[in-house]
Structures are given as C-alpha cells and as structure tokens.
Amino acid sequence: MSKNVAGVLGKGISPQAFIDSMQKNKEAFLSWYEQFEWANEEDKAYFESLQFRDDIRCLILAADWCGDVVRNVPVVFRALETAQMQTEVLIMEQFPDVMDEFLTMGGRSVPIVIFADTGGHVLGQWGPRPSDVQAHMVAFKQANPDREASDYQDKLQVVRQQMMKQYGESAAYHARIVSELRELLSAL
C-alpha cells in the first residue's frame with residue numbers, strides 16, 4: 001500500500017517558522033545554514049530547474065533537539081529554497097502518526113524528508129542522514145539487535161562517534177546530501 005500525506009499537507013510550519021521557533025541548537029543550525037555553498041554548478045542548475053515544477057511538495061519531519069536535523073536540514077532548506085519548492089516542517093512530537101509511517105529500521109529517526117504530489121501521494125523520501133553516515137548505524141543495528149543488551153549503549157556511543165567522524169568537521173558533507181536529493185528528485 002502506498003503512503004499518502006494529504007491529511008497533513010498545509011498543517012506544517014514554514015522553514016523560517018521552524019528556525020524561529022527553535023529552542024535548542026539554533027546557533028549550530030544557522031551556522032550550517034550559512035556555510036552552505038553549491039559544490040558544483042550542475043547541482044545548482046538542477047535545483048533551479050525545479051522552479052518550474054509545481055507538482056511536488058516537501059514535508060520534513062524534524063525536531064530541534066536532534067543533531068542530524070541540525071546538520072542536515074539546513075542543507076535541505078537551501079536546496080529547496082533554490083528549487084522554490086513548497087516546503088513544510090512537521091515537528092515530530094506533534095505528528096506521531098506521520099512519524100510512525102516513516103520509521104527508520106523500525107525506530108523514529110529524524111529528519112525524514114518526504115516528497116509528495118499535490119494529492120499527498122508519497123513519491124520518495126530521504127533521511128535521516130547521508131547514506132555514508134547512515135551506513136554506520138545500519139551496520140550497528142544489524143550487529144546489535146538486542147537493545148536490552150548490557151553493552152548496547154556503550155556500543156551505540158562508539159557508532160555515534162564513527163558517524164560524527166564520517167560527517168567530518170567541515171561542510172563537505174553538504175554536497176553528499178545535495179547529490180542524494182538530486183538523485184531522488186530526478187527519479188520523480
């Protein structure tokens with residue numbers, strides 16, 4: 001059965017309202033937002049070409065307390081601003097039913113970027129992290145299926161450190177997100 005988000009289209013907040021309402025991590029979020037630069041002109045031109053499409057909507061499940069939201073959503077905002085795509089943010093805690101339709105490996109993880117047509121039919125999704133960063137979590141979950149194991153939390157801390165190292169200290173990972181979004185949107 002295909003997913004449909006028609007019931008929440010128009011119920012989210014604008015990207016600017018999300019930024020304005022941030023209670024946590026706002027400074028870091030804005031820093032990543034301001035650091036954004038197009039890695040290449042082809043990607044920029046592609047997102048500019050989307051300005052002529054009015055048949056795609058974007059919903060972003062997010063929470064200001066999440067480190068992946070702080071790192072990744074500024075990049076998504078910048079790309080979609082260039083595309084002039086209608087974008088809404090759904091605060092995860094306010095939309096638990098929607099969140100539960102877009103679980104990552106059985107759990108709630110944000111951000112989830114959802115692309116839908118004007119009728120709310122989901123065309124594709126991205127998130128919560130660039131695939132190279134997410135690969136660490138996928139490997140961890142496969143190797144550690146028992147969340148109640150005595151060493152689970154210790155191992156989880158190690159994988160989180162690996163993910164941070166994969167992100168890197170610079171904004172270079174932004175280009176990976178843009179590339180993944182472009183690949184996804186190109187298939188729509």
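Criteria and thresholds
- Positions within a chain are numbered from 1, following the residues in the order the chain's sequence is written.
- Per-residue local features are limited, in this predicted model, to residues with pLDDT of at least 70; the limit for side-chain atom pairs, both in listing and counting, is 80 or more; totals at the level of whole chains, interfaces and linings are taken over all residues.
- The side-chain quantities take in all heavy atoms of the structure and omit both hydrogens and water.
- Strands are runs of DSSP state E lasting at least two residues, helices are runs of H or I lasting at least four, and both sets are numbered from the N terminus onward.
- Using C-alpha atoms as the atom set, the radius of gyration is obtained and then compared with a globule rule of 2.2 Å times the number of residues to the power 0.38.
- Relative accessible area decides the class of each residue, using a 1.4 Å probe on protein chains only: under 20% of the type maximum gives buried, over 50% gives exposed, and in between gives partly exposed.
- Contact criterion: two residues are considered in contact whenever any of their non-hydrogen atoms come within 4.5 Å of each other.
- Values of accessible area rely on a 1.4 Å probe in the Shrake-Rupley scheme; residue burial ignores everything except the protein chains shown.
- Charged residues are defined here as Lys and Arg on the positive side and Asp and Glu on the negative side; His and the ends of the chain fall outside this count.
- For this purpose, a charge sits on NZ of Lys, CZ of Arg, CG of Asp or CD of Glu.
- In summary, the pairing rule links any two rings of Phe, Tyr or Trp, Trp by its six-membered ring, whose centres are within 6.5 Å, and it sorts them by plane angle into stacked for under 30 degrees, edge-to-face for over 60 and tilted for everything else.
- By definition, a salt bridge exists where a carboxyl oxygen of Asp or Glu is found within 4 Å of a side-chain nitrogen of Lys or Arg.
- For helices, the fitted line uses only the C-alpha atoms of the stretch in contact; every axis is such a line through C-alpha atoms, and the angle between N-to-C directions lies from 0 to 180 degrees.
- Under this scheme an angle from 65 to 115 degrees is roughly perpendicular, one under 35 degrees roughly parallel, and one over 145 degrees roughly antiparallel; angles in between are oblique.
- Crossings are assigned a handedness: left-handed for a near helix turned anticlockwise from the far helix by less than a right angle, right-handed for a clockwise turn.
- Regarding the arc, it is the one traced by the directions from the helix axis to the C-beta atoms.

The name given to the protein chain in an unreviewed UniProt entry is Thioredoxin family protein, with Paenibacillus profundus as the source organism.

Our focus in this paragraph is the overall build of the protein chain. On a plain count of helices and strands, the protein chain comes out with 8 helices and 4 strands. Counting from the amino terminus, the protein chain carries its helices and strands in the arrangement α-α-α-β-α-β-α-β-β-α-α-α. Relative to the globule expectation of 16 Å for 188 residues, the C-alpha radius of gyration of the protein chain, 16 Å, shows essentially globular dimensions. With respect to the three principal axes, the spread of C-alpha positions in the protein chain is 55 × 35 × 35 Å. By residue count, 44% of the 188 residues in the protein chain fall in the buried class. Sequence separation of at least 24 residues holds for 76% of the intrachain contacts in the protein chain that already meet a minimum separation of 6. Split by element, the accessible area of the protein chain, about 9700 Å² in all, is 48% carbon and sulfur. Here the protein chain carries 18 positive and 27 negative side-chain charges, and the mean point of each set is 3 Å from the other.

This structure, assessed with the given rule, holds 9 aromatic pairs. On the numbers, 5.8 Å between centres and 65° between planes, the contact of F18 with F29 is edge-to-face. Pair noted here: F18 is in helix α1 (residues 15-21) and F29 is in helix α2 (residues 26-35), with a separation of 11 residues, a long-range link. Here F18 falls in the buried class, since its relative accessible area comes to 1%.

Side chains bearing opposite charge may pair, as long as their charged atoms lie close to each other. One pass over the structure, following the stated rule, counts 6 salt bridges. A salt bridge links R53 to D55; the nearest nitrogen and oxygen atoms lie 2.9 Å apart.

Bringing the environment of G127 into the picture now. When you line up the elements, G127 lands in the loop between β4 (122-126) and α6 (131-143). Its relative accessible area of 29% is what places G127 among the partly exposed residues. Between the alpha carbons of G127 and K141 there is a distance of 16 Å; along the sequence they are 14 residues apart. Dropping the residues within four chain positions of it, G127 is found in contact with P111 and I112.

Take the packing of helix α4 (residues 67-83) against helix α8 (residues 173-186) next. The N-to-C vectors of α4 and α8 enclose an angle of 55°; their axes lie 10 Å apart at closest approach. As summarised for this structure, α4 and α8 are arranged oblique, according to the angle between their axes. The handedness of the crossing between α4 and α8 is right-handed. Contacts between α4 and α8 involve R71, N72, V75, V76 and A79 from the first element and Y173, H174, I177, V178 and L181 from the second.

Residues separated by three or four positions in an α-helix point in the same direction, a consequence of the helix having 3.6 residues per turn. The set of residues buried in α2 consists of F29, W32 and Y33. Projected down its long axis, α2 carries its buried residues within an arc of 105°, all on one side. Exposed residues on α2 whose side chains face more than 90 degrees from its buried face are E27 and E34. Along its buried surface, α2 packs onto α1, α4 and α8.

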